[in-house]
Structures are given as structure tokens and as C-alpha cells.
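Fold and contact review
So you can see what is in the structure, the chains are spelled out below.
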Amino acid sequence: MSVATLLNYSYNDYREWEGEWELIDGYPVSMAPAPMKIHQRLAAELFMALNQDMNEDCQLCEVLYGVDWKVTEETVLRPDIVLACDDEHEAYLTKAPKLIVEVLSPSTAKKDETIKFDIYEAEGVQYYILVYPDDLKAKVYSLKNGKYIKVSDFTHEILVLDDLECELSLDFAKVFKKFRK
């Protein structure tokens with residue numbers, strides 16, 4: 001039996017693990033220790049801003065925080081914030097979210113900028129937002145013809161997402177206001 005065979009885990013294994021994990025191509029990836037306070041506060045501000053902007057007519061979509069997305073039997077990810085539409089499974093997401101927000105920390109930045117970036121792009125996540133707490137900046141990417149194209153860096157601007165099932169806007173000046181010194 002090879003070592004690679006021993007390390008190839010599935011969703012059924014993942015469900016039994018204690019602690020905070022993600023599963024990428026059958027390999028367990030420990031999530032960082034509990035996020036620093038600024039990470040948690042920024043994620044909360046972003047969640048509230050998106051959730052408050054949801055139009056009550058938009059019944060098929062919801063903003064979720066810290067939910068598992070079962071991409072395949074061998075890949076389970078837990079983005080910070082997602083906009084999920086028309087996904088009725090209760091235990092985890094089964095469909096690609098329309099939008100994913102990751103608040104980066106020193107221990108997760110490389111994974112969020114490379115591995116997750118590639119997975120989200122390949123799975124058809126329409127918008128990927130990387131938030132940098134130290135810089136109070138968000139890099140926004142939009143999926144065009146199967147590839148992420150950088151929309152812009154946002155620090156004080158308003159991002160309008162009018163090509164989703166639910167039109168949303170995100171005012172980064174308001175989100176970052178409490179964190180500016």
C-alpha cells in the first residue's frame with residue numbers, strides 16, 4: 001500500500017474529524033487557529049453588509065457564514081462568506097456559490113490566493129473577493145469565459161453586483177470605516 005493511498009480521504013472521513021479542517025483533493029488541510037479579532041470583525045461586517053443589502057424579493061439566495069461546500073467527495077471547503085442560490089441541501093452546499101469572500105490571515109493567504117482561487121475559478125464561482133485586513137483593501141475578481149479577471153482593488157468604493165440572481169452592492173468605505181485609524 002502506498003503512502004498516497006493512506007492520505008486520500010473522502011467526505012465521509014472529513015465528517016468524523018474533530019477541529020477545523022478543509023479537504024482538498026483528498027488531503028486534509030488544517031484551518032488556522034481561531035482567526036484574529038480583526039479577521040472575525042471584518043468577516044462579520046462583510047456578512048452584515050451583504051445580508052442587509054439582500055432584496056426581500058430574492059427568495060432563492062442567502063448569505064452564509066462558515067458553511068461547508070462539498071465540491072467533490074475529496075474536496076470540502078469552508079469559505080468565510082458565500083452567496084448561495086438555489087441550494088436546498090441542509091448539511092452543506094452542493095452547488096458553486098455565486099460569490100465567495102475570504103478574509104486573509106498570514107496563515108491562510110497563500111492558500112486563498114492560489115489553491116482556493118484555482119478551485120473557485122474552475123468550479124464557476126462568479127465573484128471571488130479577497131479581503132486584506134492589514135491594508136483594508138479588497139481585491140475583487142469576476143469570472144469571464146471561465147477565467148477570473150480582476151475587477152479592481154476596493155478601499156472606499158462601492159462594488160455593485162447587478163449580474164447575479166440578487167442585485168447586491170458592497171460599500172467598502174462603510175465596511176472598513178471602523179478599522180481605519
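Above this note sits the structure.
No experiment lies behind these values; they were computed from the predicted model shown.

Our focus in this paragraph is the overall build of the chain. When helices and strands are counted, the chain shows 6 helices and 12 strands. The globule rule puts the C-alpha radius of gyration for 181 residues at 16 Å, and the 16 Å found for the chain is close to it. Taken along its principal axes, the extent of the C-alpha atoms in the chain is 55 × 35 × 30 Å. Counting only residues that meet the buried cut, the chain has 45% of its 181 residues in that class.

Summarising the sheet, strand E1 (residues 21-24) and strand E2 (residues 27-30) pair through 4 bridges and their orientation is antiparallel. By the bridge assignment, Leu 23 is partnered in E2 with Pro 28.

Our next topic: helix H3 (residues 37-53). End to end, H3 covers 24 Å across 17 residues, agreeing with the expected 24 Å (1.5 Å per residue, within 8%). By the burial criterion, the buried members of H3 are His 39, Leu 42, Ala 43, Glu 45, Leu 46 and Leu 50. Looking straight down H3, one finds that the buried residues subtend no more than 160° of arc, so they occupy a single side. Along H3, exposed side chains directed more than 90 degrees from the buried face belong to Lys 37 and Gln 52. In this structure, the buried side of H3 is in contact with strand E3 (61-65), strand E6 (81-85), strand E7 (99-103), strand E8 (127-132), strand E12 (168-171) and helix H6 (172-177).

Going through the model one piece at a time under the given rule, you end up with 2 disulfides. A sulfur-sulfur separation of 1.3 Å characterises the disulfide bridge that pairs Cys 58 with Cys 166. Placement of Cys 58 in the loop between H3 and E3 and of Cys 166 in the loop between strand E11 (158-161) and E12 is noted, with a sequence separation of 108 residues between them. Here Cys 58 matches Cys 166 in class, with each residue buried. The disulfide partner of Cys 61 is Cys 85, and the S-S distance across this bridge is 2.0 Å. An S-S torsion of about 110° defines the bridge between Cys 61 and Cys 85 as right-handed. One end of the pair, Cys 61, is in strand E3; the other, Cys 85, is in strand E6, and 24 residues separate them in sequence.

Side chains of a nonpolar character, in soluble globular proteins, are inclined to be buried together. Ranked by size, the top nonpolar core spans 31 residues in total, and within it Leu 46, Leu 83, Ile 129, Val 131 and Phe 172 carry the most contacts. A per-element tally of this core places H3 first, with 4 residues. Not counting residues up to four positions away in its chain, the partners in contact with Leu 46 are Ile 81, Val 101, Val 103, Val 131, Leu 170, Phe 172 and Val 175.

With that settled, consider the sheet that holds strand E9 (residues 137-144). On the basis of which strands lie adjacent, the open sheet formed by 6 strands has the order E3-E6-E7-E8-E9-E10 and mixed pairing. The open sheet has two edge strands, E3 and strand E10 (147-154), and neither has a second partner. Each adjacent strand pair in this sheet contributes to an overall mean axis angle of 20°, direction not counted. Of the strands in this sheet, E3, E6, E7 and E8 touch H3, which is tilted by about 155° from E7. In the packing of helix H5 (residues 115-123) onto the sheet, the strands contacted are E7, E8, E9 and E10, and the crossing angle to E10 comes to about 120°.

Conventions adopted
- Residues numbered from 1 in each chain as written.
- Predicted model: local features only at pLDDT ≥ 70, side-chain atom pairs only at ≥ 80, totals over all residues.
- Heavy atoms only, no water.
- Helix = DSSP H or I, 4+ residues; strand = E, 2+ residues; numbered from the N terminus.
- Rg over C-alpha atoms; globule rule 2.2 N^0.38 Å.
- Buried < 20%, exposed > 50% of the residue type's maximum accessible area, 1.4 Å probe, protein only.
- Pairing = 2+ DSSP bridges.
- Expected span 1.5 Å × (residues − 1).
- Arc of directions from axis to C-beta.
- Contact = heavy atoms within 4.5 Å.
- Disulfide = S-S within 2.5 Å.
- Core = buried A, V, L, I, M, F, W, Y, C linked by side-chain atoms within 4.5 Å.
- Axes fitted to C-alpha atoms, helices over the stretch in contact; angles between N-to-C directions.

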